[in-house]
Amino acid sequence: MFFPQSCMMSSLQMRICRKESSCCVHIILKTLFFFLCRCPYLAVHLCPAIPVFAVLLFLFVMAMLLRTSFSDPGVLPRALPEEATFIEMEIEAANGNVPAGQRPPPRIRNVQINNQIVKLKYCYTCKIFRPPRASHCSICDNCVDRFDHHCPWVGNCVGKRNYRYFYLFTLSLSLLTIYIFTFDIVHVVMRSMNGGFLNTLKETPGTVLEVLVCFFTLWSVVGLTGFHTYLISLNQTTNEDIKGSWSGKNRGQNPYSHKNIIKNCCEVLCGPTYPSVLDRRGLLQEDTLISSSNPVPQTTKTTAPLIPNEHTPDDAKPSIAASAEKSPSPKEEHPAATKVPPLASPETDAETSIAKERAH
Amino acid sequence: MLGLYRIRPNITVSSKVFIQRDYSSGTICKFQTKFPSELESRIDKQQFEETIQTLNNLYAEAEKLGGKSYLEGCLACLTAYTIFLCMETHYEKVLKKIARYIKDQNEKIYAPRGLLLTDPIERGLRVVEITIFEDRSIGSGR
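Remember, predicted model here, so these are calculated numbers, not experimental data.

J.: Looking at this structure, how should I read the overall build of chain B?
T.: Within chain B one finds four helices and three strands. By the burial criterion, 51% of the 142 residues in chain B qualify as buried. Pairs at least 24 residues apart make up 60% of the contacts formed inside chain B by residues separated by at least 6 positions.

What follows is the structure, given as structure tokens:
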């Protein structure tokens, strides 16, 4: 959830923490209520396997939620100073001499994948050309590979490495909600048959509330699962769907799709388990013992201001750059209260907010 | 690996070359085999291409979609991914193989020529970093 490159706890992240804990609490409370108030009756009058299955399903849901929250979504580490300089030199060589006063051309590399031209954009924060399907998350302040969306309920980005856990979380939560809803209804029906409907409501208070909560949760979670099933079958990310990268006039041209639903599903859900490339950076610091006569100043990274992403409108850049602060080094800590949230481009902010509205 | 250079105090880093990723086949991990001009005086083009091609083949093996990876994925899902507490993933096994290969290449081919390959995993699988060393005791440049 919190990675070395963005270790600060801004007020925004505190809010996200609260959303994630409320999601956890909601699931736990609902299952606990079902277990304590419904299961004894159902186990005796119907089948003892009912609570057993509920517990297993609940454990699976919590495991997937925790796995999604606490695993690295596929964060791309920032370029080290020498790599950043090398890329800058390549860009300058490609652009040639730009006359003073003129804006340099946007930093884009074109790459052909499966007969489709894909633009690789340069990330000014991470100082790298983003791989295809990667995007910069303004909340986590990291580039994430195969960026899907930033999920506030899970408190983490959903990317290449944890998408399958996120999908299994929504799927199992749907099943759990359907299960609880169904057996709530069965429970009410069974009791009503014995003692009348109104008596049942008197004996088991909270039934109406729980059924209503389940009903509304059901629609949103099942809807979300359905949406992600659709995306997986087409091998698309939420980000690409929102931007309309492979829809409309580009429909059927997704270069990452295998054009086969089963193969797409297999790749996304049962594909190889990609390693995290973040951990290694911790080890790297001790290893650089060679004295370097390299003329590249070591201060480049720590003093360079956060340059706005190329998505920001050009006239907004000077004002953003003026209020920018120092780019944080991996080990630096910053005071939380006065710190301006990580610089976001309007586009990435719009993406995450639309993703939130759409997905939830 | 850097131990090779610690015993020779006159060695300094002259420059670094970064071999970028090749995305023409999609998002799979693959590096460009284009020979950088900075290495022209140091190593054979064929040798370099062979190293990069072998690395590409190893990464392709790690990311291969097939019966084995699907089986691993399904088994892991059924055990709620707890199986990875006791078992190494296929990708991790291949990464170890890659680390051994790079170490081997450095010892046999690159170190004698004053070069050092850095494992791409230490650079976020973004670049193959080749450090070019200069031996001050011989004289400037080479």
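So, next bit.
J.: It is not clear to me how the overall build of chain A should be interpreted in this structure. Could you clarify?
T.: Helices and strands together make up the secondary structure of chain A, namely 12 helices and eight strands. Split into buried and exposed, the 360 residues of chain A put 49% on the buried side. Here the contacts in chain A between residues at least 6 apart in sequence split such that 66% fall between residues at least 24 apart. Counting every atom, chain A has about 17500 Å² of accessible surface; 64% of that belongs to carbon and sulfur.

J.: What should I look at first to understand the sheet that holds strand β2 (residues 108-113) of chain A in this one?
T.: Two strands in a sheet stick together by hydrogen bonds in their backbones, pointing the same way (parallel) or opposite ways (antiparallel). Residues and elements named next belong to chain A. A sheet is described by the order of its strands in space; here three strands give the open sequence β2-β3-β4, paired in antiparallel fashion. Edge positions in the sheet fall to β2 and β4 (128-129), since each of these pairs with one other strand and no more. Pairing analysis gives six bridges linking β2 to strand β3 (residues 116-123), with the strands arranged antiparallel. Residue pairing across strands places Arg109 opposite Leu120, the latter belonging to β3.

J.: Help me understand the environment of Asp119 of chain B in this model?
T.: Residues and elements named next belong to chain B. Inspection of the secondary structure assignment puts Asp119 in the loop between β2 (115-118) and β3 (127-135). On the basis of relative accessibility, which here comes to 13%, the residue Asp119 falls in the buried class. In sequence terms Asp119 and Glu129 are 10 residues apart; their C-alpha atoms lie 7.6 Å from each other.

J.: Explain the confidence of the model for chain B to me, please; I cannot follow it from the model alone.
T.: Detailed reading of predicted coordinates is not advised where the pLDDT is low. Averaged over chain B, the pLDDT score is 87; the fraction of residues at 70 or greater is 89%. Taken over the whole predicted complex, pTM reads 0.77, whereas the ipTM for its chain interfaces reads 0.86.

J.: Sorry if this is basic, but what is going on with the packing of helix α6 (residues 207-234) of chain A against helix α8 (residues 261-270) of chain A here?
T.: The relative placement of two packed helices is expressed as an angle between their axes plus a distance between the axes. All names here are of chain A. As a packed pair, α6 and α8 sit with axes 7 Å apart at the nearest point and diverge in direction by 105 degrees. Relative to α8, the element α6 lies roughly perpendicular. Contacts from Ile232, Ser233 and Leu234 in α6 reach Ile261, Asn264, Cys265, Val268 and Leu269 in α8. Within the contact of α6 with α8, the residues separate by chemical class into six nonpolar, two polar and no charged.

J.: Quick question: what am I supposed to make of α6 of chain A here?
T.: Because each turn of an α-helix spans 3.6 residues, side chains separated by three or four positions in sequence point in the same direction. Between the first and last C-alpha of α6 of chain A there are 40 Å, a value that for 28 residues agrees with the 40 Å anticipated at 1.5 Å per step. Trailing α6 of chain A by a residue or two, Asn235 of chain A shows a phi angle of about 55 degrees, which is positive.

J.: What exactly am I supposed to notice about the side chain of Glu240 of chain A here?
T.: All names here are of chain A. By the secondary structure assignment, Glu240 is in helix α7 (residues 238-243). Classification of Glu240 as buried rests on a relative accessible area of 9%. Sequence-distant contacts of Glu240, defined by excluding residues within four places in its chain, comprise Arg133, Asn235, Ser245, Trp246 and Tyr256.

J.: Even after reading the chapter, I still don't get the sheet that holds strand β6 (residues 142-144) of chain A, so can you show me in this structure?
T.: Residue and element names in this part refer to chain A. Strand order in the open sheet formed by three strands is β1-β6-β5, with antiparallel pairing between adjacent strands. For this open sheet the edge positions go to β1 (75-76) and β5 (135-137), each flanked by a neighbour on one side alone. Pairing analysis gives three bridges linking β5 to β6, with the strands arranged antiparallel. What sits directly across from Cys137, in β6, is Asn142.

J.: It is not clear to me how the packing of helix α4 (residues 163-195) of chain A against α8 of chain A should be interpreted in this structure. Could you clarify?
T.: Residues and elements named next belong to chain A. Between α4 and α8, whose axes approach to 8 Å, the crossing angle comes to 105 degrees. When the axes of α4 and α8 are compared, the pair comes out roughly perpendicular. Across the interface between the two elements, Tyr163, Arg164 and Tyr167 from α4 touch Val268, Leu269 and Cys270 from α8. Class assignment for the residues of the contact of α4 with α8 results in five nonpolar, no polar and one charged.

J.: Looking at this model, I keep getting lost on the state of the cysteines. Mind explaining?
T.: A covalent bond between the sulfur atoms of two cysteines is what we call a disulfide. Residue and element names in this part refer to chain A. Here the structure, examined in full by the defined rule, presents zero disulfides over all chains. In this model Cys143 remains outside any disulfide bridge; the closest cysteine sulfur is found in Cys123, 3.6 Å from its own. What makes Cys143 buried here is its relative accessible area of 0%.

About the cut-offs
Residues numbered from 1 in each chain as written. Chains lettered and ligands numbered in written order. Predicted model: local features only at pLDDT ≥ 70, side-chain atom pairs only at ≥ 80, totals over all residues. Heavy atoms only, no water. Helix = DSSP H or I, 4+ residues; strand = E, 2+ residues; numbered from the N terminus. Buried < 20%, exposed > 50% of the residue type's maximum accessible area, 1.4 Å probe, protein only. Contact = heavy atoms within 4.5 Å. Areas by Shrake-Rupley, 256 points an atom, 1.4 Å probe, with all protein chains shown as cover. Pairing = 2+ DSSP bridges. pLDDT = per-residue confidence, 0-100. Axes fitted to C-alpha atoms, helices over the stretch in contact; angles between N-to-C directions. Parallel < 35°, antiparallel > 145°, perpendicular 65-115°, else oblique. Nonpolar A, V, L, I, M, F, W, Y, C, P; charged D, E, K, R; others polar. Expected span 1.5 Å × (residues − 1). Disulfide = S-S within 2.5 Å.

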